[in-house]
Amino acid sequence: MNHLTKQIEPNKTLIHNTAKPESETVTLELRNLAKMFGSGKSQHLAVDHIDLEVKQGEFITILGPSGCGKTTTLRLVAGFENATSGDILLDGNVINEVPANQRPMTMVFQSYALFPHMSVFENIAYGLRINKLSQQMIEEKIEIVVNLMNLVGLEDRMPHQLSGGQQQRVALARALVMEPRLLLFDEPLSNLDAKLRIHMRTEIRRLQQRLGITSLYVTHDQAEAMGLSDRIVVMNNGQIEQVGTPPEIYLKPASAFVADFIGRSNFIKCTVLNRDYDLVSLDFFGETVKLSANGHAFERGDTALIVVRPESVRLNVEDSTLTIPGHIKHAEYLGTYVEYEVELERGHFISITDWNPLSALHAEGAEVQVCFPPEALYVLAE
Ligand SMILES: Nc1ncnc2c1ncn2[C@@H]1O[C@H](COP(=O)(O)OP(=O)(O)O)[C@@H](O)[C@H]1O
Ligand SMILES: [Mg+2]
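Remember, it's a predicted structure, so these values are computed and weren't measured experimentally.

> Give me the overall build of the chain: which residues, what numbers.
A tally of helices and strands in the chain yields nine helices and 20 strands. Going through the 382 residues of the chain one by one, you find that 35% of them count as buried. For the chain, the share of sequence-separated contacts (at least 6 apart) that also reach a separation of at least 24 residues comes to 68%.

> I'd like a description of the confidence of the model for the chain, backed by residues and values.
Mean pLDDT over the chain: 90, with 94% of residues reaching 70 or higher. Note on residues 1–12: pLDDT is under 50 here. Beyond four places in sequence and across chains, it has 16 contacts.

> Give me the lowdown on the packing of helix H3 (residues 120–130) against helix H4 (residues 135–148), citing residues and values where you can.
Running from N to C, H3 and H4 point in directions that differ by 130°, and their axes come no closer than 10 Å. On the basis of their axis angle, the class for H3 and H4 is oblique. Taken as a pair, H3 and H4 cross one another with a handedness that is right-handed. Residues Phe121, Ile124, Ala125, Leu128 and Arg129 of H3 form the contact with H4, whose own contacting residues are Ile138, Lys141, Ile142 and Val145. Class assignment of the residues belonging to the contact of H3 with H4 gives a composition of seven nonpolar, no polar and two charged.

> Before we move on, could you go through the site of ligand 1 and cite the residues and values that matter?
The local shell around ligand 1 consists of Phe37, Gly38, His44, Ala46, Gly64, Ser66, Gly67, Cys68, Gly69, Lys70, Thr71 and Thr72. For the shell around ligand 1, the secondary-structure elements that each account for two or more residues are strand S2 (44–55) and helix H2 (70–78). For the shell around ligand 1, the leading source of residues is H2, giving three residues.

> Any chance you could break down H3 for me, citing the residues and the numbers?
Residues of H3 that are buried include every one of Val120, Asn123, Ile124, Ala125 and Leu128, and no others. Looking at the buried positions of H3, the neighbouring elements they touch are H4 and helix H5 (164–176). Where H3 ends, the next residue or the one after it, Lys132, has phi of about 60°, a positive value.

> So what about the domain arrangement of the chain? Which residues, and what values?
For the chain, the assigned domains read domain 1 (2–258) and domain 2 (264–381). If you average the C-alpha positions of domain 1 and of domain 2, the two centres end up 40 Å apart. On the domain 2 side, the residues contacting the four residues of domain 1 number five residues. Looking at the side of domain 1 that touches domain 2 residue by residue, the class counts come to two nonpolar, one polar and one charged.

> Tell me what's going on with the packing of H3 against H5, and back it up with residues and numbers.
Orientation of H3 relative to H5, taken along the N-to-C sense of each, is 30°, at an axis distance of 8 Å. The angle between H3 and H5 places the two elements in the roughly parallel class. You can see that H3 and H5 cross each other, and the crossing is right-handed. Here Val120, Asn123, Ile124, Tyr126 and Gly127 of H3 lie close against H5, whose contacting residues are Val170, Ala173 and Arg174. In terms of residue class, the contact of H3 with H5 is built from five nonpolar, two polar and one charged.

Criteria and cut-off values
Residue positions are counted from 1 within each chain, in the order its sequence is given. All chains are assigned letters beginning at A, and all ligands numbers beginning at 1, according to the order in which they are written. Side-chain atom pairs in this predicted model are given and counted only at pLDDT of 80 or more, local residue features only at pLDDT of at least 70, and totals for whole chains, interfaces and linings cover all residues. Where helices and strands are cited, they refer to DSSP runs of H or I of at least four residues and of E of at least two residues respectively, numbered from the N terminus. Whether a residue is buried, exposed or partly exposed follows from its count of other C-beta atoms within 10 Å of its own C-beta, namely 20 or more, 12 or fewer, or something in between, respectively; the C-beta atoms are built from the backbone. Here the contact rule is simple: place C-beta atoms from the backbone, and any two residues whose C-beta atoms are within 7 Å are in contact. Scored between 0 and 100, pLDDT is the confidence that the predictor attaches to each residue. A fitted line through C-alpha atoms represents every axis, and for helices the fit uses only the stretch in contact; the resulting angles, taken between N-to-C directions, go from 0 to 180 degrees. Each angle is binned into one of four classes, with values under 35 degrees roughly parallel, values over 145 roughly antiparallel, values of 65 to 115 roughly perpendicular, and all other values oblique. Handedness of a crossing follows from how the near helix is turned relative to the far one, being left-handed for an anticlockwise turn of less than a right angle and right-handed for a clockwise one. By the convention adopted, Pro, Cys, Tyr, Trp, Phe, Met, Ile, Leu, Val and Ala count as nonpolar, Lys, Arg, Asp and Glu as charged, and the other residues, Gly among them, as polar. Residues are classed as near a molecule or strand if the C-beta position derived from their backbone is within 6 Å of it. Either an automatic procedure or a domain database provided the assignment from which the domain bounds are taken.

Written out as structure tokens, the structure reads:
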């Protein structure tokens, strides 16, 4: 445990982490981690045996719907909850038994949790004072984070004299000044208005990249997860559905849940005609398409699920290889894009988003050719 406390020893430079995000050193590891709440009939497995590796300098986001176990996972890492089973490792050492206040981590919350009766300076200084740093050392460190977080001139204000965005920056400064081995965030931007949320998102990403602090971030907001993360962990029902970079998660969803939760998807059930190693031939509205089976062991006659994003489908494209006739059931013009619902065969509907402001508008009832670029079709098991 000695090496853990050593991290928070006084030292002048703030975060001196030189490792790149692509570093292979694992900072945080979760092994078969589980958390059960309640007892008897009201037992609830909030975290259902998850495995995860967070590399040095990496920004990882746990993304999932409300109640899926994100906060519980973060609280287990921070030491605010005890694991029911499994292990948490920091720099290769099991820390299950290390009390929260001795883990070299700081958490940034949604409710900034600033002390209302303390100035900005004292709020930021709080943890350093607990660690008994000298006044000079405290002032030096705070000067660095105050500059970093654009809080210069606000040091003597009280929290109620700050805007929401400023309060959140103070909360971040207070976390950063501790030079944590791991920075934890629990939906830190949820209380901010939409514009400020996007601004702070950029700010957090910039800081994290500049300082190289390993970060574990929790949100239910997919745009936040996409914009911030090196990798995203999609969680559902206490379990991890997929871990991947934002493009991997978006373009190669591991399950229908992921395809539906992140962005929007059309799901088309198709009969398997044939499989040749990893190529599967499918009956797609009467046309035959050959696609990667993505490792699924399909057999002739099985049903496969094709996932296709609404923005990948196009209307009336001359040179398309896979075209199915249909008619516009519903059209909604929204300026930046047009949203169509197209009926292909009786009862088979496809959502299409047209982001091209210059493309022709199609009226409800119009006959159209619906063009599916084969590379935009992704196969899942049903
Ligand atoms: N202290 C607790 N006691 C009992 N159940 C809890 C407790 N904390 C969380 N839960 C339950 O565990 C599940 C996961 O909660 P949580 O981790 O807060 O989800 P999320 O942060 O993804 O919204 C939910 O069903 C929640 O009701
Ligand atoms: Mg939560």
